[in-house]
Amino acid sequence: MMEETTKPTDFIREAVAEDLRTGRFNYVRTRLPPEPNGYLHIGHVKAWMIDYLVAKENNGELILRFDDTNPTKEETEFVDAIIEDTRWLGIEWKEITYASDYFDLLYEWAQKLVWMRKAYVDDQSPEEVSANRGTFTEPGKNSPWRDRSVEENLDLLERMKNGEFSDGSRVLRAKIDMAHPNLNMRDPVMYRILHEPPHHRTGDKWKIYPLYDWAHGQNDSMEGITHSLCSLEYRDHRPLYDWFHEQLGVFKSRQIEFARLNLNYTVMSKRKLRRLVEEGYVSGWDDPRMPTLRAMRRRGYTAEAIIDFVQRMGVSTVATSNAGVIADIAFLESRVREDLNKHSLRRMAVTKPLKLVIDNYPDDLVEEMDAVNNPEDPSAGARKVPFSKELYIEQDDFRETPPPKYYRLYPGNEVRLRYAYFVKCTHVVKNDVGEVVEVHATYDPSTRGGDAQDGRKVKSTIHWLSASHAKEAEFRMYDRLFTKEDPEEGEEGSLACLNPDSLHILHGYVEPSLAQAKPGNRFQFERLGYFATDQDASENKPVFNLTVSLKDTWAKIERSNKSK
RNA sequence: UGGGGCGUGGUGCAAGGGUAGCACACCAGCCUUUGGAGCUGUGGAUCUUGGUUCGAAUCCAGGCGCCCCAGCCA
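A few points on the structure. (Residues numbered from 1 in each chain as written. Chains lettered and ligands numbered in written order. Predicted model: local features only at pLDDT ≥ 70, side-chain atom pairs only at ≥ 80, totals over all residues. Heavy atoms only, no water.)

**Remarks on the side chain of S502**
Move 1: Positionally, S502 belongs in the loop between β23 (471–478) and β24 (503–510).
Move 2: Assessed through its relative accessible area of 3%, S502 is described here as buried.
Move 3: Among the polar contacts made by the side chain of S502, one reaches the side chain of R289 at a distance of 2.8 Å.
Move 4: Discounting chain neighbours no more than four positions away, the residues touching S502 are R289, M477, Y478, D479, R480 and L481. (Helix = DSSP H or I, 4+ residues; strand = E, 2+ residues; numbered from the N terminus. Buried < 20%, exposed > 50% of the residue type's maximum accessible area, 1.4 Å probe, protein only. Polar contact = N/O pair within 3.5 Å; in protein donor to acceptor, adjacent residues only side chain to side chain. Contact = heavy atoms within 4.5 Å.)

This is how it looks when you write it as structure tokens:
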């Protein structure tokens, strides 16, 4: 698949090539910089692939570095989950590192900046720091502590580190320019005091923790990262990123920003996703409706399809919303269908069963019908499916009074039962309230296998299951989580447009062999869609998640029928 | 409001002074033992105004619109 796509070219790859050409760098090393405070989602995959491929295409190296500078949010559980998901994508890295690996060195670099009179300990309260930062239009005010002696700063910094001061009582700040038009340059905070909670890796060793701006660029430099690729909202941080390298006289990594990836009909922010989980709107972070990688995996999306999707999305600096680009979920689904169409085994399943009785078929006869496993892949072979007098068909495949252009079963109409016989509907049996409970038909024995010897045609082929052989199964039918393309839009908030029908549970039947399907197995249930066996499956009743439906032309016709 | 970034069909990306193209979506048709897949075709876009030029999506200037920034989050 990767060979098929033309070699991607974009402004980042051009910049990297340029740097190699001009000698700014003579090798390429990138980094994946997750903060271990949540699960990876589809938006991360874009960044992951850019970092991975830019390194790979240039015979460079990729480092997986956890940005763990804030112990109040980070947990080992997320480190493990991120590693698992990254591996699932097929991304290979040279080594795993942590920002916390560099806390000692980073502290030395901070002392150096103090010596250079480029950093100082500020005793202002958080409120004072904020108030004195100024606004977009007004300059900030210099801290009264801005011109302390090197000795006093060094002493105070050391005591901050040793835990002598309470949280929030002091910070270390870079001394730049409180009147700078870029707020990030107004004496940014480098270290804050944090006694609790213990850090997931360094425990209670540290009482001060570096902030992003101080840690990230220096870690990049320490690791010899050539290209530090990040999303658009860090554009304003680049002058600061460069300033630290310049002052310290260290290896200068190059930061390049790109638009991050969002999807319509969903939310991507950790805060909003957490709310869905915590308030029970979904079953968990791996609920198949979530945009997280583990959810997509559970739903049946393949890593190949997801990667193909982000690759085809391209890379740009366009910011349509929230510092990124909004992709159409339909495009993701088209990539999933393309991949699954080629690779998944066909099976028959009936999600909304309706009994079909073939009146002229022998009572006790069972025939084994030949069914192909994948018309796109002859090497997938064929299988036998039992056929008998009483069958289940899909409720949607029968109408007592057919609407216009309805080709499926209705009284007097003949259709093909896939791989079996032509059948003609004769009559129906109804219950007390007038619902059709049984459809009756006659079959033409000369059409065995589905071919009419006399050359007559039917306009429809429907799927079926032998009632006595079929195995019970649960089907979880998913739809988009939100009804609006942009759930954030409007003041009611995203919860106001949650789709009440994002999950439909159906109880039906599958072919006998599917009773043994293993979690993660993927199938195409003919004429319905792609499904993946869920982990919830029990021994006698498997559960299948709808990955994505097949394109449904009839549904489209029906919709336009109704709108007329 | 100061700073930074960005404007090409509905969406996402191409075209780097020379015929505005691709994918998805949409519409029509062909084909079909999945109303699937496949195939063919149609429609539709350069934010705006001015300038430079034989020629501008591309270069210049103004305007308009959208996104990001005032955490001791990342």
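After presenting the structure, the write-up continues.
**A look at the side chain of N70**
Move 1: Structurally, the position occupied by N70 is in the loop between β2 (61–66) and α3 (76–88).
Move 2: Separated by 2.7 Å, the side chains of N70 and T72 make a polar contact.
Move 3: N70 has contacts with E35, R192 and L194, leaving out every residue within four places of it along the chain.

**Digging into empty space enclosed by the protein**
Move 1: With the rule as written, the count across this model stands at 1 cavity of 30 Å³ or more.
Move 2: Of the voids in this model, the largest cavity is the one considered here, and its volume is about 30 Å³.
Move 3: Lining the largest cavity, in full, are Y212, D213, H216, G217, H237, Y241 and Q255.
Move 4: The element best represented in the lining of the largest cavity is helix α7 (residues 212–222), accounting for 4 residues.
Move 5: Its residues assigned to classes, the lining of the largest cavity shows 2 nonpolar, 4 polar and 1 charged. (1 Å grid on protein atoms, 1.4 Å probe; cavity = no way out; pocket = protein on both sides within 12 Å on 5 of 7 lines; lining within 4 Å. Points joined across faces, edges and corners; volume = space filled by probe spheres on them. Nonpolar A, V, L, I, M, F, W, Y, C, P; charged D, E, K, R; others polar.)

**Points about the protein's contact with RNA strand B**
Move 1: Every one of the 69 residues lining RNA strand B counts as a neighbour, but E14, T137, D236, G449 and T553 are closest to it.
Move 2: For RNA strand B, the backbone makes up 61% of the atoms found within 4 Å of the protein, where backbone means sugar plus phosphate.
Move 3: Taking T69, its side chain carries an N or O atom lying 2.7 Å from a phosphate oxygen of RNA strand B.
Move 4: Note that a base nitrogen of RNA strand B is positioned 3.0 Å from one of the backbone N or O atoms of Q124.
Move 5: Mapped onto the surface near RNA strand B, the elements with two or more residues apiece are α5 (126–131), β6 (189–193), β11 (324–327), α12 (329–343) and α13 (553–563).
Move 6: With 5 residues, the top contributor of residues to the surface near RNA strand B is α12.
Move 7: Classifying every residue of the surface near RNA strand B by side-chain character gives 26 nonpolar, 21 polar and 22 charged. (Near = heavy atom within 4 Å.)

**Some points on the pattern of salt bridges**
Move 1: Taken as a whole and assessed by the stated rule, the structure comprises 55 salt bridges.
Move 2: Two residues, E158 and K161, come together in a salt bridge whose shortest N-O distance is 3.8 Å. Taken together, the residues E158 and K161, both in helix α6 (residues 150–161) and 3 residues apart, mark about one turn of the helix.
Move 3: A relative accessible area of 23% places K161 in the partly exposed class.
Move 4: Among the ionic pairs, D287 bridges to R289, the shortest N-O distance being 2.9 Å.
Move 5: Within this structure, D286, R298, E474, R476, D534 and D536 form a network of salt bridges that share partners. (Salt bridge = Lys/Arg side-chain N within 4 Å of Asp/Glu carboxyl O.)

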